[in-house]
Amino acid sequence: MKVAIVIPSLHAGGMERVMSELLNEFSKDKTLEIHLILYGITREIFYSVPENVTIHKPSFEFKNKYRLFYTLKTLIFLRRQIIKIAPKSILSFGERWNSFVLIACWGLKYPIYVSDRCQPNKSLGKLHNWLRNKLYPKAKGVIAQTEKGKAIFEKMYKHTNIQVIGNPIRQITSEKKIDKENIVLTVGRLIDTKHHDELIRLFVEINDPNWKLIIVGDDALKQKNRSKLERLIKELRAEDKVVLVGSQKEVEPYYLKSKVFAFTSSSEGFPNVIGEAMSAGLPVVAFDCMSGPSDMIANEKNGYLIELFNYESFKKHLQILMSDESLRLKLGLNAAESIQEFKIDEISKKYKKMILE
């Protein structure tokens, strides 16, 4: 049974990592013949691809100087490859690219399922918004990452087949015992919507000399927030309490040695870092933002969901976890157990059930 998975590239990124994990899981099914079509400007392959997956890429270089010509040429390439493969089903990833795939396959008989990865109520600009509104209803099915996303998509696209499939969550475990430290951890790019400055302020206000706040992540989107955060830490005289460790290739050790995970983001598609923290047995305090945290956190059972921008409540619940070891252990154990539904094999089953049955 042939399946065509269509994605611009496999460069280093969140969506691409998810796609790589799904490819590896799909490839274990010997009843499937997997075809990966890369059609973006770079068509880069950063993540490993199983040997039994056939890769298709355009033979020509995309030249931005002649963008319209090469866009049309890419559309023709994609359409011809789909016809040549003749797949049972097509799975497309990428909110800005799904419309491109639907245009390329216009009039063909193959069912197309589109996975939309962004914050569901986020505008992609007039052109992309218009294309999605016109083309998504033509897809066989739409995959949302969260329940909130599904509710929004149902209103936007009036589609009868919208299903929720979250991201696969890496399981953060260790065979050897790791001594926990009094660390509140957060992981994420240093961008405005993560509100690291407010997290630093409320942590310093808690004023517990036995705890540290560690922030994993670095500048992104040209916002240059690291220097702003460094100045804030200095102004608050919190150099011994708050540590910016920058981007880390190996984040697992930070999850495993920390005791609490804090997440003050106000805008998400599906925050994998929350799931990773939970898999490591960390209770999470997070804003109930659009969208993602509420699909993983059951309030007061495996963490705390806080009303968006209610920093006083956030500080209160963070302080509760910092001061109560038995509560931390209880919520952390529940977190590690509940996040199992997002293991890669479970997510793969959901995808296959949707696009093949």
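Above this text is the structure in question.
Quick summary incoming for the structure in this document. (Residues numbered from 1 in each chain as written. Predicted model: local features only at pLDDT ≥ 70, side-chain atom pairs only at ≥ 80, totals over all residues. Heavy atoms only, no water.)

## Observations concerning the overall build of the protein
- Helix and strand counts for the protein come out as 13 helices and 13 strands.
- Here the protein has a C-alpha radius of gyration of 22 Å; the compact-globule value for 357 residues is 21 Å, and the two agree.
- Viewed in the frame of its principal axes, the protein has a C-alpha envelope of about 65 × 45 × 40 Å.
- A total of 357 residues make up the protein; the buried ones form 53% of that total.
- Of the contacts formed within the protein by residues at least 6 apart in sequence, a portion of 66% connects residues at least 24 apart. (Helix = DSSP H or I, 4+ residues; strand = E, 2+ residues; numbered from the N terminus. Rg over C-alpha atoms; globule rule 2.2 N^0.38 Å. Buried < 20%, exposed > 50% of the residue type's maximum accessible area, 1.4 Å probe, protein only. Contact = heavy atoms within 4.5 Å.)

## Observations concerning the packing of helix H11 (residues 311–323) against helix H12 (residues 325–338)
- Between H11 and H12, the shortest axis-to-axis distance is 5 Å and the interhelical angle comes to 105°. It follows from the interaxial angle that H11 and H12 lie roughly perpendicular. Of H12, the residues touching H11 (which contributes Ile-320, Leu-321, Met-322 and Ser-323) are Glu-325, Leu-327, Arg-328 and Leu-331.
- Residue composition of the contact of H11 with H12, grouped by class: 5 nonpolar, 1 polar and 2 charged. (Axes fitted to C-alpha atoms, helices over the stretch in contact; angles between N-to-C directions. Parallel < 35°, antiparallel > 145°, perpendicular 65-115°, else oblique. Nonpolar A, V, L, I, M, F, W, Y, C, P; charged D, E, K, R; others polar.)

## Observations regarding the sheet that holds strand S10 (residues 242–246)
- Taking strand neighbours across the sheet as the criterion, the 6 strands line up as S10-S9-S8-S11-S12-S13 in an open arrangement whose pairing is parallel. Edge positions in the open sheet fall to S10 and strand S13 (303–306), since each of these has one partner strand only. Neighbour-to-neighbour, the strand axes of the sheet open up by a mean angle of 20°, direction not taken into account.
- When strand S8 (residues 183–187) meets strand S9 (residues 212–216), the two strands line up parallel, connected through 5 bridges. The partner of Ile-183 across the bridge, within S9, is Lys-212. (Pairing = 2+ DSSP bridges.)

## Remarks on the nonpolar core
- Counting residues in hydrophobic clusters, the biggest one holds 53 residues, and the most contacted among them are Ile-5, Leu-185, Tyr-255, Phe-261, Ile-274 and Tyr-351.
- Excluding residues that lie within four positions of it along the chain, Phe-261 makes contacts with Leu-185, Thr-186, Val-187, Tyr-255, Val-273, Ile-274, Ala-277, Leu-282, Pro-283, Val-284 and Val-285. (Core = buried A, V, L, I, M, F, W, Y, C linked by side-chain atoms within 4.5 Å.)

## Overview of unusual backbone geometry
- Note the cis peptide between Met-290 and Ser-291, where omega equals -5°.
- Looking at the element boundaries, Ser-291 is found in the loop between strand S12 (284–287) and helix H10 (293–296).
- The backbone of Arg-237 sits at a positive phi, close to 55°, despite the residue not being glycine.
- Within the secondary structure, Arg-237 sits in the loop between helix H7 (225–235) and S10.
- Take Arg-237: its relative accessible area is 72%, and that puts it in the exposed class.

## Comments concerning the pairing of strand S6 (residues 141–144)
- Neither face of S6 is exposed, since Gly-141 and Ile-143 on one face and Val-142 and Ala-144 on the opposite face are all buried.
- Note: strand S5 (residues 112–115) against S6, 3 bridges, orientation parallel. Directly across from Val-114, in S6, lies its bridge partner Val-142.
- Here 3 bridges tie S6 to strand S7 (residues 162–164), and the two strands are oriented parallel to one another. Note that in S7 the partner of Ile-143 across the bridge is Gln-163.
- With helix H5 (residues 147–157) bridging S6 and the parallel S7, this β-α-β connection has right-handed handedness. (Right-handed = clockwise from strand over helix to strand, strands pointing away.)

## Focus: the environment of Leu-75
- Relative to the helices and strands, Leu-75 is located in helix H2 (residues 67–85).
- Given the relative accessible area of 17%, Leu-75 is considered buried.
- Residues within four places of Leu-75 in sequence aside, it is in contact with Phe-100, Ile-103 and Ala-104.

## Observations concerning helix H6 (residues 196–206)
- Those residues of H6 lying buried are His-196, Leu-199, Ile-200, Leu-202, Phe-203, Val-204 and Ile-206.
- Here the buried face of H6 lies against S8, S9, H7, S10, strand S11 (260–263) and H11.
- Just past H6, the residue Asn-207 takes up positive phi, approximately 55°.

## Some words on the sheet that holds strand S4 (residues 89–93)
- The strand order across the open sheet built from 7 strands is S3-S2-S1-S4-S5-S6-S7, with neighbouring strands paired in parallel fashion. Of all the strands in the sheet, just strand S3 (54–56) and S7 have a single pairing partner and so form its edges. Strand-to-strand, the axes of this sheet are offset by a mean angle of 20°, without reference to chain direction.
- Relative to strand S2 (residues 33–38), strand S1 (residues 2–7) runs parallel, the two sharing 6 bridges. The residue bridging Ala-4 from the neighbouring strand is His-35, located in S2.
- Together, S1, S2 and S4 form the strand contacts of helix H1 (residues 14–26), whose direction differs from that of S1 by roughly 165°.
- The strands touched by H5 within the sheet are S6 and S7, with S7 carrying the most contacts at an inclination of about 170°.

## Describing the packing of aromatic side chains
- Following the criterion strictly, the structure yields 17 aromatic pairs and no others.
- Measuring from centroid to centroid gives 6.2 Å for Phe-261 and Phe-263, while their planes differ by 20°, and the two rings are stacked. Phe-263 matches Phe-261 in its accessibility class, with the two residues each being buried.
- Among the aromatic residues, those joined into a cluster by ring pairs are Phe-60, Phe-62, Phe-69 and Tyr-70.
- In this arrangement the basic side chain of Arg-43 is found over the ring face of Phe-60, its NZ or CZ atom lying 5.3 Å from the centre. (Phe/Tyr/Trp six-rings, centres within 6.5 Å; stacked < 30°, edge-to-face > 60°. Lys NZ or Arg CZ within 6 Å of the ring centre and 35° of its normal.)

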